[in-house]
Amino acid sequence: MLKKFYEKILNFIKSEYKYILFLIAFWVVCSWPVNYYIIIGGGISDISKRVVVEDGYQSKGSFNLSYVSELKGTTLSYLLSYVMPNWEKVSMDDYKYTTDEDYDDIEFRSELDLEYSNSNAIYYAYKLANKKCNIIDTKVYVIVTLDGYDNPLEVGDQLISINGKDCDNLEEFQNELQQIEDSKVTVTVLRDKKRVDLDCRLYLEDGRKLLGVALQSVSSYDTDPKVEFQFERNESGPSAGLVTTLSIYDQLIKKDLTKKMNIAGTGTIESDGTIGEIGEVEYKLLGAVDGGADVFLVPAGDNYKTCLKVKKEKNLDIKLIPVKTIYDAVEKLEKM
């Protein structure tokens, strides 16, 4: 029985091998990665499903994350972007800081941006609500290795110590570097969950000593009540910072900040409380409209100007609110 089945398969392959080879070649060509991301539209999602405050208050409206769907480009998706409505291709080079960066470096930064955004969101939401929020840990990571500097540091390295001296935050690392009198320094990092000692060269520029890398710190907090993040693995980037902060704050206070409305928005939350601009903002506005949002919060400046132009051109039925800081956002929502 098995012998006959095997013979049939073998005969089929012999008679149709050209067709089979064509299908294999076609699949390989279509799935071949290209140096692009493909944006294929977006929508909104209630962020309270991703940000949960212990015993938090429930509003009658909602705060919504406005998102775009972004695929890693292949030959097929790249070609389809020329014919499919609302499909937009964005060069991966636009996300690179140096020419030798790869997809993993970009993805690491994007994932770290989400952690950084959530960290700032916790701090400002609890500060606004006058709730307990104490810093318990800060980690410092290499996010860019700059061109023109020759050091063994890599994107994703977590800095531990300088010449054997542990440093607890970014400021301590920077201060410790300035105290080094030699032109060489040993930097201990955590790489792939292993401690590694790296012999690095110090560069002197404008009176400051540098390693030739860009660093970013992310802090963890002990809060009361507790807050938990439940973002999906494929969700990253800093653009949910504004809405995340507002959602946490809304769950911490008795007053309903949503005023029974579906509020969508986008924008980063920076360490000083300002709301930073983001890319592809017009797609996020369109996603908010398609999702039925009543209000769209957008960073003031060019992002707001872009959204205002799109709203007029497409006659969109949604209220646009430009915001500069998290305090500005809360004040404008309270006055609605």
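Look a little higher up for the structure.
Residues numbered from 1 in each chain as written. Predicted model: local features only at pLDDT ≥ 70, side-chain atom pairs only at ≥ 80, totals over all residues. Heavy atoms only, no water.

The omega angle of the peptide bond from aspartate 224 to proline 225 is 5°, so this bond is cis rather than trans. You can see proline 225 is positioned in the loop between β12 (213–224) and β13 (227–229). Backbone geometry at lysine 193 places phi at a positive 70°, although glycine is not the residue there. Here lysine 193 shows up in the loop between β8 (184–191) and β9 (194–201). On the accessibility criterion, lysine 193 (81% relative accessible area) is exposed. A positive phi angle, close to 55°, is found at glutamate 280, a residue other than glycine. Tracing the sequence through the fold places glutamate 280 in the loop between β16 (275–276) and α6 (281–290). (Helix = DSSP H or I, 4+ residues; strand = E, 2+ residues; numbered from the N terminus. Buried < 20%, exposed > 50% of the residue type's maximum accessible area, 1.4 Å probe, protein only.)

This part covers the environment of tryptophan 27. The topology assignment puts tryptophan 27 in helix α1 (residues 2–31). Separated by 121 residues in sequence, tryptophan 27 and glycine 148 have C-alpha atoms that sit 40 Å apart.

In the sheet, strand β3 (residues 62–74) pairs with strand β14 (residues 262–265) via four bridges, with the strands oriented parallel. Counterpart to leucine 65 in the pairing with β14 is glycine 265. Inspection of the sheet shows β14 paired to strand β17 (residues 295–299) by three bridges, in the parallel sense. Residue pairing in the sheet places isoleucine 263 in a bridge with valine 295 of β17. (Pairing = 2+ DSSP bridges.)

A few words now on the packing of α6 against helix α7 (residues 302–314). At their nearest, the axes of α6 and α7 sit 9 Å apart, and the two run at 50° to each other. The angle between α6 and α7 falls in the class oblique. Considering only the axes of α6 and α7, their crossing is right-handed. Here α6 contributes Val281, Glu282, Leu285 and Leu286 to the contact with α7, which in turn contributes Asn303, Thr306, Cys307, Val310, Lys311 and Lys314. Residue composition of the contact of α6 with α7, by class: five nonpolar, two polar and three charged. (Axes fitted to C-alpha atoms, helices over the stretch in contact; angles between N-to-C directions. Parallel < 35°, antiparallel > 145°, perpendicular 65-115°, else oblique. Left-handed = near helix turned anticlockwise from the far one by under 90°. Contact = heavy atoms within 4.5 Å. Nonpolar A, V, L, I, M, F, W, Y, C, P; charged D, E, K, R; others polar.)

Our focus in this paragraph is helix α5 (residues 241–252). Over its 12 residues, α5 runs 17 Å from end to end, which matches the ideal 16 Å to within 8%, given 1.5 Å per residue. For α5, the buried fraction is high: 12 of the 12 residues fall into the buried class. Every buried residue belonging to α5 is among Gly241, Leu242, Val243, Thr244, Thr245, Leu246, Ser247, Ile248, Tyr249, Asp250, Gln251 and Leu252, and all of these are buried. (Expected span 1.5 Å × (residues − 1).)

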